Amino acid sequence: INHEHTDIQEYLGSYVADDKGGLRFREGPLVEAARNGWWIVLDELNLAPTDVLEALNRLLDDNRELFLHETQTTVTPHPEFMLFATQNPPGLYGGRKVLSRAFRNRFVELHFEDIPTEELRIILEQRCGIPPRFCAILTSILVDLQTARQGTNLFAGKHGFITFRDLFRWAERYKYCQEHHDANAEGAFMDHNHVLAADGYMLLAERARHPNERATVRACIEKHLKTKIDLETLYAVNRSDLYAEYVRQLPAAIDPAHPLHPFRRVVWTRGMRRMFAIAERCLQTREPVLLVGETGTGKTTICQLLAVLHNARLSIVNCHQNSETSDFIGGLRPTRQSDATE
């Protein structure tokens, strides 16, 4: 996967330390694929820097060679080697540049339009296993929101309100809710339209920054699903089993050794209840969460509180402009000789 800081070494390889403390050259994925006749996909190609594109030039040329400067060797691709590349249209997505015509001519260039609405309904039905009627409703909401957003000429264009990934996530949430309702409440009534509307509002409207945008999303969902979204009921934490567990343990939290002791004085304002309900729903469906807000609004507190209630170990990493990959996944560090012999 390419990004703005992709290095040529990520393609071709670099010297790494071996078990004996020496250095050896470890080939990158492009070299390995070319040498062994594997297939490789270079995703987001128009995010790659110039030196990466220059290395691909020679490989895609009639000579079909890959030169490794570090080892001063030339790799001739295996006959079965195959290279694919993908990219988003330049100009519509941040950081994507226009590739030169000469470079693009080295590929067989194919352009794909958005998935037709009818095909999208079929994908939703077969992939997510939800009834055809709801597939039609979700795709109609997608079309309406994209049309509304496209008419505003804002930066995100027609995908500002909803994308295909949002649509599939929405359908998966409904599928999750249906499965757990069938398992835990046999014979109980389930308002399918209301369930879809609630999850749709949390997924789409709650990431909008302006109240008028949230109102647009809400009106569209209510129109197609023919139900009203009551925000006070939607974010009523007293209906949550997890919140009930918090209340149950609260008297014991006066003990400084209790895990909930630091959170015994949390003030459950409307904003706090809203954040708790949205984050809890994401936890239920195993979705990654990005909390956006000003300092002191309780973003970290909600994560800590949910971790305690789930009895989960939580690590907090403070990111900054100098954060590196090794801060997250680890890296090589020198050790003292005395430490190594102990």
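Engineer: Can you walk me through the confidence of the model for the chain in this structure?
Structural biologist: Should the pLDDT be low somewhere, the predicted coordinates at that spot are not to be read in detail. Across the chain, pLDDT averages 86, with 89% of residues at or above 70. Across the chain, the element-wise mean pLDDT spans from 55 in helix α15 (residues 337-341) up to 95 in helix α13 (residues 299-309).

Engineer: Any chance you could explain helix α2 (residues 29-36) here in plain terms?
Structural biologist: Residues separated by three or four positions in an α-helix point in the same direction, a consequence of the helix having 3.6 residues per turn. Where α2 is concerned, the buried positions are L30, V31, A33 and A34. With its buried residues spanning 165 degrees around the axis, α2 presents them on a single face.

Engineer: Quick question: what am I supposed to make of a nonpolar patch on the surface here?
Structural biologist: A cluster of nonpolar residues, W39, V41, M82 and F84, forms a patch on the protein surface that exposes about 430 Å² of accessible area. Of all the secondary-structure elements, those providing two or more residues to the nonpolar patch are β3 (39-42) and β6 (82-85). Here M82 lies in strand β6.

Engineer: Would you mind showing me how to read the pattern of salt bridges here?
Structural biologist: If the charged atoms of two oppositely charged side chains come close together, the side chains can form a pair. Here the structure, examined in full by the defined rule, presents 16 salt bridges. The partner of R274 in a salt bridge is E206, and the shortest N-O contact between them spans 2.6 Å. Of the two residues, R274 is situated in helix α12 (residues 270-284) and E206 in the loop between α8 (192-204) and α9 (211-225); the sequence distance between them amounts to 68 residues. A relative accessible area of 27% means that R274 is categorised as partly exposed.

Quick notes on the rules
Residues numbered from 1 in each chain as written. Predicted model: local features only at pLDDT ≥ 70, side-chain atom pairs only at ≥ 80, totals over all residues. Heavy atoms only, no water. pLDDT = per-residue confidence, 0-100. Helix = DSSP H or I, 4+ residues; strand = E, 2+ residues; numbered from the N terminus. Buried < 20%, exposed > 50% of the residue type's maximum accessible area, 1.4 Å probe, protein only. Arc of directions from axis to C-beta. Patch = residues over 30% accessible without salt bridge, like charges linked within 9 Å, V, L, I, M, F, W, Y side chains within 5 Å. Areas by Shrake-Rupley, 256 points an atom, 1.4 Å probe, with all protein chains shown as cover. Salt bridge = Lys/Arg side-chain N within 4 Å of Asp/Glu carboxyl O.

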